[in-house]
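Report on the structure
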Amino acid sequence: MKDCLFCKIIRREIPAKIVDENESCLAFKDIDPKAPVHILIIPKEHLGSTLDFSDENISLLAEMGLMSNSISRELGLNAGGYRWVINTGKDGGQAVDHLHLHLLGGRKMTWPPG
Ligand code: 5GP
Ligand code: ZN
């Protein structure tokens, strides 16, 4: 996707603090962190949101989860826990139209979310 912000990060056309990468996913620090740890995990294939999951690409969700687990283990978050967030669409609060998993941690989260 030519004009997609996160596709540009994947292609290194826009700088980002990349923390992990493999064949299918990329993880980088959120530019405006909402917690001491705030990392975005994205599939390298452009999916607009969770609405784009299909039988053919649903394995990417597992890949994103496994990358997040590796990062949270590495950063010592697992003992205390953390939060995963995926916003979808207007009502879900999605601002960037390339599917991303937020990994938030390093402080106690509140519930319910806003
Ligand atoms: P959403 O609201 O779509 O779930 O989350 C989008 C996230 O992307 C926000 O937390 C926002 O701070 C982050 N973000 C927006 N633009 C950039 C950028 O250029 N670089 C990085 N690293 N994060 C971004
Ligand atoms: Zn994209």
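Here we summarise the structure given alongside this text. (Residues numbered from 1 in each chain as written. Chains lettered and ligands numbered in written order. Predicted model: local features only at pLDDT ≥ 70, side-chain atom pairs only at ≥ 80, totals over all residues. Heavy atoms only, no water.)

**So, helix 2 (residues 59–74)**
Counting along an α-helix, one turn takes 3.6 residues, and residues three or four places apart therefore face a common direction. Short version of the rule: In DSSP terms, a helix is any run of H or I states spanning at least four residues, a strand is any run of E spanning at least two, and both are numbered starting from the N terminus. Here, expected helix span is obtained from the residue count minus one, scaled by 1.5 Å. The contact criterion used throughout is that any non-hydrogen atoms of two residues lie within 4.5 Å.
The end-to-end C-alpha separation of helix 2 is 23 Å, in line with the 22 Å expected for 16 residues at 1.5 Å each. Where helix 2 is buried, its residues touch strand 1 (18–21), strand 2 (25–29), strand 3 (37–43), strand 4 (83–85) and strand 5 (101–105). Of the residues one or two after helix 2, Gly-76 is the one with positive phi, at around 75°.

**Topic: the side chain of His-38**
Put simply, the rule reads: The term polar contact refers here to a pair of N or O atoms within 3.5 Å; inside protein, the definition further demands a hydrogen-donor-capable atom paired with an acceptor-capable atom, and it admits residues adjacent in sequence only when both atoms are side-chain atoms.
With respect to the element layout, His-38 can be found in strand 3. For His-38, the side chain forms a polar contact with the main-chain nitrogen of Lys-34, separated by 3.0 Å. Once residues lying within four places of it in the same chain are set aside, the contact partners of His-38 are Phe-28, Lys-29, Asp-30, Asp-32, Pro-33, His-102, Leu-103 and Leu-104.

**Notes on the coordination of the zinc ion (ligand 2)**
Going by this rule: Distances define the donors: N, O and S atoms within 2.8 Å of the metal qualify, as do those within 3.2 Å of Na, K or Ca. Water is excluded, so some sites may look unfinished. When four donors show all angles between 85 and 135 degrees the site is tetrahedral, when four or six donors have opposite pairs over 155 degrees and all other angles between 65 and 115 it is square planar or octahedral respectively, and in every other case it is irregular.
Coordination of the zinc ion (ligand 2) by the protein is provided by Cys-4 (SG), Cys-7 (SG), His-46 (ND1) and His-98 (ND1), with metal-donor distances spanning 2.0 to 2.3 Å. Viewed at the metal, the four donor atoms of the zinc ion (ligand 2) are separated by angles of 103 to 116°, and the geometry they form is tetrahedral. Mapped onto the sequence, the residues coordinating the zinc ion (ligand 2) show the spacing C-x2-C-x38-H-x51-H. Of this pair, Cys-7 sits in helix 1 (residues 5–10) while His-98 sits in the loop between helix 3 (89–92) and strand 5; the two residues are 91 residues apart in sequence, bridging distant segments of the chain.

**Some thoughts on the site of ligand 1**
Spelled out, the test is: If even one non-hydrogen atom of a residue comes within 4 Å of a molecule or strand, that residue is called near it. Surface accessibility in these figures is a Shrake-Rupley result with a 1.4 Å probe; residues are shielded only by whichever protein chains are displayed.
Around ligand 1, the surrounding shell holds 18 residues, and the nearest of these are Asp-30, Asn-87, Ala-95, His-100 and His-102. Here an oxygen atom of ligand 1 sits 2.6 Å away from a polar atom, N or O, in the main chain of Ala-95. Contact with the protein chains covers 83% of the free accessible surface of ligand 1, which is 520 Å². The element that contributes the greatest number of residues to the shell around ligand 1 is helix 1, accounting for three residues.

**Topic: the packing of aromatic side chains**
Filter applied, for reference: A pair of Phe, Tyr and Trp rings is counted when the ring centres sit within 6.5 Å of each other, with Trp represented by its six-membered ring. The angle between the planes then sorts it: under 30 degrees is stacked, over 60 is edge-to-face, the rest tilted. When a residue's accessible area, from a 1.4 Å probe over protein chains only, is under 20% of the maximum for its type it is buried; when over 50% it is exposed; and in between it is partly exposed.
Scanning all chains against the criterion turns up two aromatic pairs. On the numbers, 5.2 Å between centres and 80° between planes, the contact of Phe-6 with Phe-28 is edge-to-face. Of this pair, Phe-6 sits in helix 1 while Phe-28 sits in strand 2, placing them 22 residues apart in sequence. For Phe-28, a relative accessible area of 3% translates into the label buried. Measuring from centroid to centroid gives 6.3 Å for Tyr-82 and Trp-84, while their planes differ by 35°, and the two rings are tilted. A relative accessible area of 32% means that Tyr-82 is categorised as partly exposed. What makes Trp-84 partly exposed here is its relative accessible area of 41%.

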